[in-house]
Amino acid sequence: MNVLIIEDEVNAFTYLWGCIVQLRPQAKLLSHVESVEDAVNWLDQGEAPDLIFMDIQLSDGHSFEIFDHIEVESPIIFATAYDEYAINAFKVNSIDYLLKPIHIDDLERAITKYERRMSGGAKVISDQFTEIFGHLNRQKKQRCLVKKGKHYEFIDIADISYVASDDGLTFIYTRDGHRHLYNTTVEALMASLDEKQFFQINRRQIINIDVIHKVHPYFNQRMKIDLQQLKTTDEFIVSRSKLSAFKSWMDS
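Each value, and the rule that gives it
Residues numbered from 1 in each chain as written. Predicted model: local features only at pLDDT ≥ 70, side-chain atom pairs only at ≥ 80, totals over all residues. Heavy atoms only, no water. Helix = DSSP H or I, 4+ residues; strand = E, 2+ residues; numbered from the N terminus. Buried < 20%, exposed > 50% of the residue type's maximum accessible area, 1.4 Å probe, protein only. Contact = heavy atoms within 4.5 Å. Areas by Shrake-Rupley, 256 points an atom, 1.4 Å probe, with all protein chains shown as cover. pLDDT = per-residue confidence, 0-100. Salt bridge = Lys/Arg side-chain N within 4 Å of Asp/Glu carboxyl O. Expected span 1.5 Å × (residues − 1). Arc of directions from axis to C-beta. Polar contact = N/O pair within 3.5 Å; in protein donor to acceptor, adjacent residues only side chain to side chain. Pairing = 2+ DSSP bridges. Core = buried A, V, L, I, M, F, W, Y, C linked by side-chain atoms within 4.5 Å. Axes fitted to C-alpha atoms, helices over the stretch in contact; angles between N-to-C directions.

S.K.: Requested: an account of the overall build of the protein, with residues and values cited.
M.R.: When you go through the protein residue by residue, the secondary structure sums to eight helices and 17 strands. Counting the 252 residues in the protein, one finds 47% classified as buried. Counting contacts in the protein only where the partners sit at least 6 residues apart, residues at least 24 apart contribute 54% of the total. Carbon and sulfur atoms provide 47% of the accessible area of the protein, an area that totals close to 13300 Å².

Given below as structure tokens:
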């Protein structure tokens, strides 16, 4: 049994792995990662584990962010101190959950459940967890995980100047002038952003209010936006259908 443990508390990891070895001496630890970013990078490049033990609150965010950026087909047992609502949700779709502090009898039960399901051909897929975590992800996005070469990095939402689609691809443009490919649609990204800070001015562009320098009328009953000190050849035109909402947004 090859195991990946995603846990940001060293003591919790040490205790959990010690209990796993005690119960299943043949178990092999593939890796221990402490953050969303490291988990995505490892899963993108490493071998698929037989079983993942995953905390929810990690050093750089909630573990549900992992499923936004990479497909995870390995079964998962959650080890968490989360509230009762989350625990009840996990009972429906996950292999099992372990409430911290973990009791070794509960761990034995969870591993046995995993072994029985795998022997029957059952498989836990990422879509199940996406549905679960959707109930937990009520706060607006604080960061975006983007691929840089062969690894992933975080971009703080506050550093985004605008978002634009081009030939079906979505790009995030940051205040330092860099462009980053992001694996979602403009509409999906807008749904996760703070609507007081960002506005989708047309089908392919989102603007951060902090980078707006000037707004002036444009032909065909639209408006044009000039950005502050950003070197770009893109034009930012507020569509007619968005104009009324845009004016209200600017004046809020």
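S.K.: Run through the confidence of the model for the protein, naming residues and quoting values.
M.R.: Reading fine detail from the predicted coordinates is not recommended where pLDDT is low. Chain-level pLDDT for the protein is 84 on average; 87% of the residues reach the 70-or-more range. Within the model, pLDDT remains below 50 along residues 122–126, and this stretch shows 14 contacts once partners closer than five positions in the same chain are excluded.

S.K.: Please set out the pattern of salt bridges residue by residue, giving values where relevant.
M.R.: With the rule as written, the count across this model stands at nine salt bridges. Among the salt bridges present, the one from Arg 175 reaches Asp 210, with a minimum N-O distance of 3.6 Å. Residue Arg 175 is located in the loop between strand 11 (169–174) and strand 12 (179–182), and its partner Asp 210 is located in the loop between strand 14 (205–208) and strand 15 (212–218); the two are separated by 35 residues in the primary sequence. Residue class for Arg 175 comes out partly exposed when judged on its relative accessible area of 38%. Bridged by salt links that share partners, the residues Glu 7, Asp 55 and Lys 100 form one connected network.

S.K.: Pulling in residues and values, what's your account of helix 1 (residues 10–23)?
M.R.: Its 14 residues place the ends of helix 1 20 Å apart at the C-alpha level, agreeing with the 20 Å of an ideal helix rising 1.5 Å per residue. For helix 1, the set of buried residues is Phe 13, Leu 16, Trp 17, Cys 19 and Ile 20. Down the axis, helix 1 shows its buried residues gathered within 160 degrees of arc, on one side only. Exposed residues pointing more than 90 degrees away from the buried face of helix 1 are listed as Asn 11 and Gln 22. Taken together, the buried residues of helix 1 touch strand 1 (2–6), strand 2 (28–33), strand 3 (51–54) and helix 5 (104–119).

S.K.: I'd like a description of the environment of Glu 153, backed by residues and values.
M.R.: Along the chain, Glu 153 turns up in strand 9 (residues 151–156). Separated by 117 residues in sequence, Glu 153 and Val 36 have C-alpha atoms that sit 10.0 Å apart. When residues no more than four places from it in sequence are discounted, the contact partners of Glu 153 are Glu 37, Cys 144, Leu 145, Val 146 and Lys 148. Here the side chain of Glu 153 touches His 151 through a polar contact of 2.9 Å, side chain to side chain.

S.K.: So what about the pairing of strand 3? Which residues, and what values?
M.R.: The alternating pattern of strand 3 places Leu 51 and Phe 53 on one face and Ile 52 and Met 54 on the opposite face, and all of these are buried. Inspection of the sheet shows strand 1 paired to strand 3 by four bridges, in the parallel sense. Each bridged residue has a counterpart across the sheet, and for Leu 4 the counterpart in strand 3 is Ile 52. Two elements, strand 3 and strand 6 (residues 76–80), share three bridges in a ladder whose sense is parallel. Residue pairing in the sheet places Phe 53 in a bridge with Ile 77 of strand 6.

S.K.: Report on the pairing of strand 12, specifying residues and quantitative values.
M.R.: Because side chains alternate across strand 12, one face comprises the buried residues His 180 and Tyr 182, and the other comprises Arg 179 and Leu 181, none of which is buried. Bridge analysis of strand 11 against strand 12 gives four bridges, and the strand direction is antiparallel. Of the residues in strand 12, the one forming a bridge with Tyr 173 is Arg 179.

S.K.: With reference to specific residues and values, describe the nonpolar core.
M.R.: By size, the foremost hydrophobic cluster in this structure holds 22 residues, and its most contacted members are Ile 6, Leu 43, Ile 52, Met 54, Ile 66 and Val 72. The biggest single contributor to this core is helix 2 (residues 36–45), with five residues. Contact partners of Ile 52, with chain neighbours within four places excluded, come to Leu 4, Ile 6, Leu 43, Val 72, Ser 74, Pro 75, Ile 76 and Ile 77.

S.K.: Could you give me a rundown of the sheet that holds strand 10 (residues 160–166), with the residues and numbers involved?
M.R.: If you walk across this open sheet you meet the five strands as 12-11-10-14-13, and the pairing is antiparallel. Across the chains shown, the open sheet's two edge strands, defined by having one partner strand only, are strand 12 and strand 13 (198–202). Pairwise comparison of adjacent strand axes, ignoring direction, gives a mean angle of 25 degrees for this sheet. Direction of pairing for strand 10 relative to strand 11: antiparallel, over a ladder of six bridges. Opposite Tyr 162, over in strand 11, you have Tyr 173 as the bridge partner. Where helix 8 (residues 240–250) meets the sheet, it contacts strand 13 and strand 14, and its direction lies at approximately 155 degrees from that of strand 13.

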